[in-house]
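Single-letter residue listing:
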Amino acid sequence: MIFTFICKDKPGQLDVRLANRPAHVDYLMALDREGALKFAGPFLGEDGKPIGSLVAVEAQDRAGAEQIAAGDPYAKAGLFESVEILPWNWMFKAPEAK
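Anyway, here's the lowdown on the structure attached to this text. The model shown is predicted, which means the values in this text are computed figures rather than measured ones.

### A few points about the overall build of the protein
Okay, so step 1: Across its full length, the protein holds 3 helices and 4 strands.
Okay, so step 2: Seen in sequence order, the protein has helices and strands lined up from the N terminus as β-α-β-β-α-α-β.
Okay, so step 3: Taking 2.2 N^0.38 as the reference for a compact globule, 98 residues should give roughly 13 Å; the C-alpha atoms of the protein span a radius of gyration of 13 Å, in line with that estimate.
Okay, so step 4: Dimensions of the protein along its principal axes, counting C-alpha atoms only, are 40 × 25 × 20 Å.
Okay, so step 5: Residue burial in the protein is summarised as follows: out of 98 residues, 33% are buried.
Okay, so step 6: Residue pairs in contact within the protein that sit at least 24 positions apart in sequence constitute 70% of those at least 6 positions apart.
Okay, so step 7: On the protein, roughly 6300 Å² of surface is accessible, and the fraction owed to carbon and sulfur atoms is 57%.
Okay, so step 8: Put simply, the protein has 11 plus and 14 minus side-chain charges, and the middle of one group is 3 Å from the middle of the other.

Here is the structure:
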């Protein structure tokens, strides 16, 4: 099942995001190599700077998705004000749909 992580950064934490970005990217690339990562990217503020993240992963269940979310270096660094984990059904334009 696909789960999405809707992550909102704590205000004024761009320095924390930038400092942890290399580890975050490495983490996502590892998930991609395992076949777990479906897509990911930052939410942007009006100034064009990141203010959060949207990540979609394949996980067996919610507990597995929570474990993946907790392992993200951004989460470990305390960047996020909130993380909402929701199951998601990729209905339109899914890569598997031909």
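Let's pick the thread back up.
### Some words on helix H2 (residues 62-71)
Okay, so step 1: Every buried residue of H2 is listed here: Gly64, Ala65, Ile68, Ala69 and Gly71. The buried residues of H2 occupy one face: seen down the axis, they fall within an arc of 165°.

### A closer look at the nonpolar core
Okay, so step 1: Of all hydrophobic cores here, the largest spans 18 residues; its most connected members are Phe3, Phe5, Leu31 and Val57.
Okay, so step 2: Setting aside its immediate chain neighbours within four residues, Val57 contacts Met1, Ile2, Phe3, Phe5, Leu31, Ala36, Leu37, Lys38 and Ile68.

### Thoughts on the sheet that holds strand E1 (residues 2-9)
Okay, so step 1: If you trace the 4 strands from one edge of the open sheet to the other, you get E2-E3-E1-E4, paired in antiparallel fashion. Of all strands in the sheet, those bounded by a partner on one side alone are strand E2 (37-44) and strand E4 (80-88). Across the sheet, the axes of successive neighbouring strands diverge by a mean angle of 15°, strand direction being ignored.
Okay, so step 2: Against the sheet, helix H1 (residues 14-34) touches E1, E2, strand E3 (50-58) and E4, its axis set at about 15° to E3.

Cut-off values and rules
- Residues numbered from 1 in each chain as written.
- Predicted model: local features only at pLDDT ≥ 70, side-chain atom pairs only at ≥ 80, totals over all residues.
- Heavy atoms only, no water.
- Helix = DSSP H or I, 4+ residues; strand = E, 2+ residues; numbered from the N terminus.
- Rg over C-alpha atoms; globule rule 2.2 N^0.38 Å.
- Buried < 20%, exposed > 50% of the residue type's maximum accessible area, 1.4 Å probe, protein only.
- Contact = heavy atoms within 4.5 Å.
- Areas by Shrake-Rupley, 256 points an atom, 1.4 Å probe, with all protein chains shown as cover.
- Lys, Arg positive; Asp, Glu negative; His and termini not counted.
- Charge placed at Lys NZ, Arg CZ, Asp CG, Glu CD.
- Arc of directions from axis to C-beta.
- Core = buried A, V, L, I, M, F, W, Y, C linked by side-chain atoms within 4.5 Å.
- Pairing = 2+ DSSP bridges.
- Axes fitted to C-alpha atoms, helices over the stretch in contact; angles between N-to-C directions.

What is shown is where atoms sit, not what they do.
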